[in-house]
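# Geometric and topological summary
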Amino acid sequence: MPEPLNDDLLQQFMHTFYGYGDYDAPFWFVGMEEGGSRNAADVNHRLRLWQERGKRELEDLAEWHLAEGPHRHFTGRPPLQRTWKQLMRILLTAKGQPTDLDALRSYQKNQLGRVGGESCLVELFPLPSPSTGHWLYGDHSALPELRSRKRYRQALAPERIRHLHARILVHRPRAVIFYSTNARYRRWWQQVARADFEQAGEEPLYRARDGTTQFIICKHPVAFGVSNEYFQRIGRMVRS
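Residues numbered from 1 in each chain as written. Predicted model: local features only at pLDDT ≥ 70, side-chain atom pairs only at ≥ 80, totals over all residues. Heavy atoms only, no water.

Within the secondary structure, histidine 71 is located in the loop between α3 (61–68) and α4 (82–94). Its relative accessible area of 19% is what places histidine 71 among the buried residues. Ignoring anything within four residues of it in the chain, the contact list for histidine 71 reads His65 and Leu66. (Helix = DSSP H or I, 4+ residues; strand = E, 2+ residues; numbered from the N terminus. Buried < 20%, exposed > 50% of the residue type's maximum accessible area, 1.4 Å probe, protein only. Contact = heavy atoms within 4.5 Å.)

Structural data, given as C-alpha cells:
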C-alpha cells in the first residue's frame, strides 16, 4: 500500500514555504520548482523537518540541507550543484568578483541562500520533484489539487504569483533573475514582475525594469548547450 502523505502539513507547506535566503537580499533567483524527493518517505521527512524548524517561509539553504542529513554540497571541498553554479556565476559577476571553481565552491558552501545574506532563492511551485515528468503526489495524497500536476499548477500559480509580486514590492531587490525561457513559465514570470520585457540579444534572454529593480528571464542553468559566458553576460547586465 502506498505510503500516505501528511496532508494537513503538506497543505500548510504548499501555501507557506517559498525557498531559501532572505527577502532583503539584493539578488533574487526564481525557479520553477525544487528538485529531489523521489518518494513519499522523502516528502514526509521534508515536511517533518520544516515543522520542527518552525514552518518558515524562507529557510537557510546550508542549515536546511545539513539538517536533512550529511550533505556534500556544504562540507569539505564541495562539488558544485549544477543549477546553483550558474546562479552564483551571475551573482559574482554582477559584483565584479572572480568566478573560478574555487570561488564558486566557497560561495556555495558559505554564502548562497543564507538568512541575512545577499541572495534569495525562491520557487514558483513549492513541492519538490525529480523532474517535470514525475508526479508522485497524486498516488500518496487525498488533496484534490494534487490529483495531477496540471491541477496543482492551476490551484497554486495565482496565489504564489501574487505573493512573490507583493514581496518584490516591499523589499525592492536590485535584480530578480527568473530561470526558464519555456513559454508557459515566461507568462508566469511576466505576471510576477508586472513589467514589459524586451529581448536582449540573439539568445533567449529578456530584460525589464521597474524602478530600481531589474528583471531578467534567462535559460535554465542546466539547459542543453548553455555556456558559462551566457551567465557571465547576465551578471554584467545586472552590474551595469
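Moving on: the pattern of salt bridges. Within the structure shown, the criterion is met by 13 salt bridges. One salt bridge connects arginine 46 with glutamate 34, and the closest N-O pair in it is separated by 3.1 Å. Here arginine 46 is found in helix α2 (residues 40–52), whereas its partner glutamate 34 is found in the loop between β2 (27–31) and α2, with 12 residues between them in sequence. Among the residues examined, arginine 46 registers a relative accessible area of 5% and is labelled buried. For glutamate 34, a relative accessible area of 12% corresponds to the buried category. Between glutamate 118 and lysine 95 there is a salt bridge, and its shortest N-O distance comes to 2.8 Å. You can see glutamate 118 sitting in the loop between α5 (101–110) and β4 (119–123) and its partner lysine 95 sitting in the loop between α4 and α5, a full 23 residues away along the chain. Since its relative accessible area comes to 18%, glutamate 118 is described here as buried. (Salt bridge = Lys/Arg side-chain N within 4 Å of Asp/Glu carboxyl O.)

The next point concerns the sheet that holds strand β8 (residues 213–218). Spatial strand order, β3-β1-β4-β2-β5-β8-β7-β6: 8 strands in an open sheet with mixed pairing. A strand with exactly one partner marks an edge of an open sheet, and here the two such strands are β3 (58–59) and β6 (198–199). Both β2 and strand β5 (residues 175–179) contribute to a ladder of 4 bridges, which runs parallel. Each bridged residue has a counterpart across the sheet, and for phenylalanine 27 the counterpart in β5 is alanine 175. Its contacts with the sheet put helix α7 (residues 149–171) on β2, β4, β5 and β8, and the angle it makes with β2 is roughly 175°. (Pairing = 2+ DSSP bridges. Axes fitted to C-alpha atoms, helices over the stretch in contact; angles between N-to-C directions.)

The tally for this structure, following the rule as stated, stands at 0 disulfides. With no disulfide of its own, cysteine 120 lies 16 Å from the sulfur of cysteine 218, the closest cysteine sulfur. (Disulfide = S-S within 2.5 Å.)

With that out of the way, let us pick up unusual backbone geometry. Phi is positive for lysine 55, close to 55°, though the residue is something other than glycine. Inspection of the secondary structure assignment puts lysine 55 in the loop between α2 and β3. Using a relative accessible area of 30% as the deciding quantity, one classes lysine 55 as partly exposed. At serine 180, a position not held by glycine, the phi torsion is positive, near 150°.

Residues spaced three or four apart along an α-helix face the same direction, because each turn holds 3.6 residues. A rise of 1.5 Å per residue sets the reference length of α2, with its 13 residues, at 18 Å; its end C-alpha atoms lie 18 Å apart and thus fit the reference within 8%. All of the buried residues in α2 are Ala40, Val43, Asn44, Arg46, Leu47, Leu49 and Trp50. Of the residues flanking the end of α2, it is glycine 54, one or two places downstream, whose phi is positive at about 100°. (Expected span 1.5 Å × (residues − 1).)

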